[in-house]
Amino acid sequence: MNAITNWALANLTAYGAPILVFVSYFGSLGIPFPITMVIVAAGALTRTGFLDWRVALLACLAGAALADNSEYLLGHLAQPWLRRRFGQKPAWQQAQTTINRQGGWAILLTRFWLTPLAPAVNVIAGSRYPFLQFLAYDVIGQFVWVLLYGGLGYLFAAQWEWVSQAIGAFSWISVALVLLAYGIYFLMRRKAQRAN
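Residues numbered from 1 in each chain as written. Predicted model: local features only at pLDDT ≥ 70, side-chain atom pairs only at ≥ 80, totals over all residues. Heavy atoms only, no water.

Pulling in residues and values, what's your account of helix α1 (residues 3-15)?
Its 13 residues place the ends of α1 18 Å apart at the C-alpha level, agreeing with the 18 Å of an ideal helix rising 1.5 Å per residue. Regarding α1, the residues found buried are Thr-5, Ala-8, Leu-9, Asn-11 and Leu-12. On an axial view of α1, the arc spanned by its buried residues comes to 170 degrees, and they lie on one face. The exposed residues of α1 that point more than 90 degrees off its buried face are Ala-3, Ala-14 and Tyr-15. Within two residues after α1, Gly-16 carries a phi angle of roughly 70 degrees, on the positive side. (Helix = DSSP H or I, 4+ residues; strand = E, 2+ residues; numbered from the N terminus. Expected span 1.5 Å × (residues − 1). Buried < 20%, exposed > 50% of the residue type's maximum accessible area, 1.4 Å probe, protein only. Arc of directions from axis to C-beta.)

An account of the packing of aromatic side chains is requested, with residue identities and associated values reported.
Following the criterion strictly, the structure yields nine aromatic pairs and no others. Where Phe-22 meets Phe-26, the ring centres are 4.7 Å apart and the plane angle is 55 degrees; that geometry is what we call tilted. Note that Phe-22 and Phe-26 are positioned in helix α2 (residues 17-28) at a spacing of four residues, about one turn of the helix. Classification of Phe-22 as partly exposed rests on a relative accessible area of 32%. Classification of Phe-26 by relative accessible area gives partly exposed; the value is 28%. An aromatic cluster is defined as three or more aromatic residues linked by ring pairs; in this entry it consists of Trp-7, Phe-22, Tyr-25, Phe-26 and Phe-33. Geometry around Tyr-154 places Arg-47 over its ring, the cationic atom sitting 5.6 Å from the centre. (Phe/Tyr/Trp six-rings, centres within 6.5 Å; stacked < 30°, edge-to-face > 60°. Lys NZ or Arg CZ within 6 Å of the ring centre and 35° of its normal.)

What follows is the structure in structure tokens.
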């Protein structure tokens, strides 16, 4: 464990819910914070009775939702600049089309599975996606995230460190596989377009 992880875990046991809000907020912004480990540890601490599970759940949801909505707001406010800078580029137009067509799934899955992509999805959604729909998918996804990761910490309280490392590795491997699949898809599509 590194110094930030040690700090977060020590303060989680000392201060409880406020640290969960803090870590959930900054970790959800994409800042390299040990968010997964802290949520799993919080689940383990609820099993021991050190944290109330309802308070821990609300603290994690509040911090993560505040971060996601901050990024959404950034995308909304930066929309004119983003359109001027990238609006005519095919990649930007494709991203906009995708978020309009499949935005709910993108928002939902990046809350608990493809988490490294969440900040970019939030900013893009803020430039085009309706806020109430974003908020609904965001809150549902964050709820699943906290229940899944915190629940694993609760179930495997004695092995919570191993569980959090496995979750982190799974998340990055998943992102790499999804990006690889998209890359292969676009290369094959480009090749097919050139053949025509």
